[in-house]
There are 2 protein chains.
Amino acid sequence: MKQHFSSVWTREPRTAKSPGLDRAQIVREATALLDAEGLDALSMRRLGARLGSGATSIYWHVANKDELLELVLDEVYGELTVLDVQETTWRDSASSFAYSMRQVLLSHPWVINLIGTIPSIGPNAILLMTRLVATFDHAGFRGLDQDYAASTLMAYVAGVTTPEISWRTMMERTGLGSNELNAALHPLVEEVAAGHPELTARYAEFREVDVETARALNFEFGLTCLLDGLEARLNRAASAPAPVSADPGATPPPRPSLH
Amino acid sequence: MKQHFSSVWTREPRTAKSPGLDRAQIVREATALLDAEGLDALSMRRLGARLGSGATSIYWHVANKDELLELVLDEVYGELTVLDVQETTWRDSASSFAYSMRQVLLSHPWVINLIGTIPSIGPNAILLMTRLVATFDHAGFRGLDQDYAASTLMAYVAGVTTPEISWRTMMERTGLGSNELNAALHPLVEEVAAGHPELTARYAEFREVDVETARALNFEFGLTCLLDGLEARLNRAASAPAPVSADPGATPPPRPSLH
DNA sequence: AGTGGAATCGAACACTGTACGAGTCGAACG
DNA sequence: CGTTCGACTCGTACAGTGTTCGATTCCACT
């Protein structure tokens, strides 16, 4: 374990004493390009053009395109905030964090595609995680449960926002409004439901619901369930006074995997 | 709304009366290539080589690379199964589905990167969703709540599995074992925690926990919370007898977004 | 035998990430 | 002041990408 494990975060950024390119500027412009035109539109040449410099000049400040993406991703993590635990209940803090995270993801749709590829180990990501963990510490969770709770919350938000983003991308690609798209897609589910006649009636109703508000309700539904579940566990732990922390040598999950 | 909204699923596959290439074969081989070497390794030329045919021949059976990805994605959805609602409790059904979904995602790590890009509207995806919805119908949920519950569950599993996959990818890229990688990454979190001295002690403990079992416990933790939350809502609805279904004209989420 | 569609494929185009080496610039030094 | 050296920029080039297009092969059926 001698060597430090090379990464953007271990390496120093280039000294910025010249008025030319700059890591911060590169990251900023890359984010702007990503927001405006999506992940596929970000190429080193286009980014260079936007910066008014040659494409390969970027490689002096950043080793890779992947490394650049690590930087922009962590920049987005920096946009996420957690309320101070002293000012609110843990539940409000967690809930408002969830809503703000959803908002940030929706305004940077490309982020969802990165978190599956790029490791989230930048300073902002780590800092955010510790703040969220502090919230659950304040709530009464102990040991690793704090981390489990935090990562569960983030997992839910990321997961539930994913189809929402893919939906919006599809709307942009087709130029359809959300309810139009819903109607246009309906033949597909009808065809599948053809084999199961008891479903067609149910699916017929779906054409009528407003997709946007359904998505919002869906988000709130799952979030409430999750917070309720966390709260229940908290109360349970309060009655049973010996919440033994995770044993590293324990066997894998109690419910065996099915494969 | 005249035109049908063109997609792989609306178009008929090429008639397969010749012994040459075949949509099914292409999809199968593409999946194998993806499993073996990851998303970046899938190029039309390499896939063609694997099929013993020219790269561009594939375009006779499939319009796009994107369309091909839609097909392979839906094929993976086909691997997911839901227990028959008659045979178990809804909770066991949901729980075992979650575990099997996690297993499938871990064995096809590239899937996570697709669900953010490719819409999940294939027949297998829809069929799976209806089966899951049936589980929650059996549980006692009514109206759109069934869909909310189902999509919440899937969102959680996808979301919580994402960092796990990115972790494994990182392990493969660096060739480190999971605990070695944990130790190698530790300097990063230490540097961030340097400004907050109360955290260093806590983070020091982290180097000792076994990452794999922590991940498994994390999964189980969040899943239990979620199912508990769902169950609580179910009981609440049972006491209050008028669970009015979602009103399309309702205002956006009760808790306003923070942006 | 001949015709017509199904299917395959090679060449070409515009584009990608990035290695390399030549070039520019500004400051420090003799 | 001239030189040198590092920081920095960038043009060129290479291997690879998805996809189009037109030519070609192949086979079933008249």
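Everything below is about the structure printed above this text.
Below is a short write-up of the structure.

Thresholds applied
Residues numbered from 1 in each chain as written. Chains lettered and ligands numbered in written order. Predicted model: local features only at pLDDT ≥ 70, side-chain atom pairs only at ≥ 80, totals over all residues. Heavy atoms only, no water. Near = heavy atom within 4 Å. Polar contact = N/O pair within 3.5 Å; in protein donor to acceptor, adjacent residues only side chain to side chain. Helix = DSSP H or I, 4+ residues; strand = E, 2+ residues; numbered from the N terminus. Nonpolar A, V, L, I, M, F, W, Y, C, P; charged D, E, K, R; others polar. Expected span 1.5 Å × (residues − 1). Buried < 20%, exposed > 50% of the residue type's maximum accessible area, 1.4 Å probe, protein only. Contact = heavy atoms within 4.5 Å. Phe/Tyr/Trp six-rings, centres within 6.5 Å; stacked < 30°, edge-to-face > 60°. Buried area = accessible area lost by both parts, 1.4 Å probe. Salt bridge = Lys/Arg side-chain N within 4 Å of Asp/Glu carboxyl O.

### Details of the protein's contact with DNA strand C
What surrounds DNA strand C is a group of 19 residues, the closest being Arg45(A), Lys65(A), Leu21(B), Gly54(B) and His61(B). Taking all atoms of DNA strand C within 4 Å of the protein, the share assigned to sugar and phosphate is 55%. Contact distances for DNA strand C include 3.1 Å between a phosphate oxygen and a side-chain N or O atom of Ser43(A). Within the contact set of DNA strand C, a phosphate oxygen lies 2.8 Å away from a side-chain nitrogen or oxygen of Tyr59(A). Among the elements of the structure, α2 (44–51) of chain A together with α3 (58–61) of chain B are those that each provide at least two residues to the surface near DNA strand C. Residue classes in the surface near DNA strand C are distributed as five nonpolar, 11 polar and three charged.

### As for helix α4 (residues 65–77) of chain A
Residues and elements named next belong to chain A. An ideal rise of 1.5 Å per residue puts 18 Å on 13 residues; α4 measures up with 19 Å between its terminal C-alpha atoms. Counting buried residues along α4, 10 of its 13 residues qualify, which places the element largely inside the surrounding structure. When α4 is considered as a whole, its buried residues turn out to be Glu67, Leu68, Leu69, Glu70, Leu71, Val72, Leu73, Asp74, Val76 and Tyr77. On its buried face, α4 is in contact with α1 (23–37), α2, α5 (90–107), α6 (111–115), α7 (123–139) and α8 (144–174).

### Considering the packing of aromatic side chains
Residue and element names in this part refer to chain A. Applying the stated criterion across every chain, the model contains 16 aromatic pairs over all chains. On the basis of an interplanar angle of 50° and a centroid distance of 6.0 Å, the ring pair of tryptophan 90 and phenylalanine 136 is categorised as tilted. Taken as a pair, tryptophan 90 in helix α5 and phenylalanine 136 in helix α7 lie far apart in primary sequence, 46 residues in all. For the pair shown, tryptophan 90 and phenylalanine 136 are each scored as buried.

### A short note on the interface of chain B and chain A
On the chain A side, the residues contacting the 83 residues of chain B number 84 residues. Of the roughly 7,400 Å² buried between chain B and chain A, counting both surfaces, carbon and sulfur atoms make up 70%. One salt bridge connects Arg236(A) with Asp228(B), and the closest N-O pair in it is separated by 2.9 Å. Between the two partners, chain B and chain A, sit 10 residue pairs in polar contact (both at pLDDT 80 or more).

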